[in-house]
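The primary structure of each chain is shown beneath.
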Amino acid sequence: MYCKKCGAEVADNAVVCGNCGASLLRDSSSANNQGGAAYGQGGYSQNFPPPSYLVWAILTTIFCCLPFGIVSIVNAASVESRFRSGDVQGALRASANAKKWAIAAAISWAVILVIYFFFAVMVGVAGIAGFGGL
Ligand SMILES: [Zn+2]
C-alpha cells in the first residue's frame, strides 16, 4: 500500500510510514462512537411502569391496618393508570407513596402485635401470680 500523506510505498502491515512518519492506522475515532451511551437514563425505562407495591398494600390491608393499607392501595392502583396516561413522574410518586404507606402499615401491624403479645404475657403472668397467691 501507499502512504496517504506522502505517497511513498510502505509495507501492508506498516503502522507508521517509513518515509514521512505519518500514522497509517485506520481512523477509527470518528465512526466508532455511535450507540452505547444513549440508553438507561433515570432508572426506569419508558416502557415499564414503576413497581406499584399493590401486593404489599393488599396484604397489609387484610392483615392489619385498613386505613394505611387503603392509602397504599389507592396509590398502588394509580401507578399504572398514571403511567399509561404518560405521567411518569406521577407514577413514580404514587409508587413511592404506595411503598411508604405499605411500610407504615406493616410497622404499625408489628407494633400492635408486640403490644398484644406483651398484653397477653402480662395477663398470663398476672393470672399465674393470682393463681399462685391463692
Ligand atoms: Zn508517508
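All residue numbers here refer to positions counted from 1 along the written sequence of the relevant chain. Thresholds applied to this predicted model are a pLDDT of at least 70 for local features of residues and 80 or more for the giving and counting of side-chain atom pairs; totals over whole chains, interfaces and linings are not thresholded and use all residues. Note that water and hydrogens are dropped before the side-chain values are worked out from all heavy atoms of the structure.

Draft legend 1. Summary view of the overall build of the protein chain. Secondary structure is summarised from DSSP: a helix means a run of H or I of at least four residues, a strand means a run of E of at least two, and numbering begins at the N terminus for each. Along the protein chain, the regular secondary structure elements total 3 helices and 0 strands. When the helices and strands of the protein chain are listed from N to C terminus, the series reads α-α-α. Think of it in three bands: with a 1.4 Å probe and only protein chains considered, a residue is buried below 20% of the maximum accessible area for its type, exposed above 50%, and partly exposed in between. Per-residue burial over the protein chain gives 19% buried out of 134 residues. Contacts between residues were defined by any pair of non-hydrogen atoms, one from each residue, lying within 4.5 Å. When contacts within the protein chain are restricted to residue pairs at least 6 apart in sequence, long-range pairs at least 24 apart make up 42% of them. The protein chains shown are the only cover counted for residues, whose accessible areas, like all others here, come from Shrake-Rupley with a 1.4 Å probe. Approximately 10,100 Å² of the protein chain is accessible, and the part contributed by carbon and sulfur atoms is 65%.

Draft legend 2. Molecular detail of the coordination of the zinc ion. Listed as protein donors to the zinc ion are C3 (SG), C6 (SG), C17 (SG) and C20 (SG); their distances from the metal cover 2.2 to 2.3 Å. Viewed at the metal, the 4 donor atoms of the zinc ion are separated by angles of 105 to 112°, and the geometry they form is tetrahedral. Sites may look incomplete, because water is not among the atoms used; the donor set itself consists of N, O and S atoms within 2.8 Å of the metal (3.2 Å for Na, K and Ca). When four donors show all angles between 85 and 135 degrees the site is tetrahedral, when four or six donors have opposite pairs over 155 degrees and all other angles between 65 and 115 it is square planar or octahedral respectively, and in every other case it is irregular.

Draft legend 3. Highlighting a nonpolar patch on the surface. Nonpolar side chains (Val, Leu, Ile, Met, Phe, Trp, Tyr) are joined into patches within 5 Å and like charges within 9 Å, using only residues with over 30% relative accessible area and no salt bridge. The salt bridge definition used is simple: a Lys or Arg side-chain nitrogen within 4 Å of an Asp or Glu carboxyl oxygen. Judged by side-chain polarity, V114, F117, F118, V121 and V125 come together as a nonpolar surface patch covering roughly 470 Å² of accessible area. Summarising the element assignment, F118 is placed in helix 3 (residues 88–133).

Draft legend 4. Expanded view of the nonpolar core. Counting 5 residues, the largest nonpolar core is built from C3, V10, C17, A22 and L24. With residues up to four places along the chain from it excluded, the contact list for L24 reads M1, C3, V10, A14, V15, V16 and C17. In these notes, a set of buried Ala, Val, Leu, Ile, Met, Phe, Trp, Tyr and Cys residues joined through side-chain atoms within 4.5 Å is what counts as a nonpolar core.

Draft legend 5. How the structure looks around the environment of W101. Here W101 shows up in helix 3. Classification of W101 as partly exposed rests on a relative accessible area of 28%. As for W101 and Y53, which are separated by 48 residues in sequence, their C-alpha atoms are 9.9 Å apart.

Draft legend 6. Quick look at helix 2 (residues 66–84). Over its 19 residues, helix 2 extends 27 Å from the first C-alpha to the last, a length consistent with the 27 Å expected when each residue adds 1.5 Å. Three or more residues of helix 2 are buried, namely G69, S72, N75, A76, S78, V79 and F83. In a helix, the anticipated span is given by 1.5 Å times the number of residues less one.

Draft legend 7. Main features of the packing of aromatic side chains. Here the aromatic set is Phe, Tyr and Trp, taking the six-membered ring for Trp, and pairing holds for ring centres within 6.5 Å; pairs whose planes are under 30 degrees apart are stacked, those over 60 apart are edge-to-face, and all others are tilted. On inspection of all chains with the given rule, the structure shows 1 aromatic pair. Between the aromatic rings of F117 and F118, the centroid separation amounts to 5.9 Å while the plane-to-plane angle is 75°, which identifies the pairing as edge-to-face. Look at F117 and you get exposed, because its relative accessible area is 51%.

Draft legend 8. Inspection of the side chain of S95 at higher detail. Relative to the helices and strands, S95 is located in helix 3. On the basis of relative accessible area, S95 is assigned to the buried category, the value being 5%.

Draft legend 9. Looking closely at the confidence of the model for the protein chain. The quantity known as pLDDT measures the predictor's confidence residue by residue, on a range of 0 to 100. Per-residue pLDDT for the protein chain averages 76, and the proportion of residues at 70 or more is 77%. Taking the mean pLDDT of every element in the protein chain, the minimum, 73, falls on helix 1 (residues 54–63) and the maximum, 82, on helix 2. Confidence over residues 28–42 falls short of pLDDT 50; this stretch has 0 contacts with residues more than four positions distant or in other chains.

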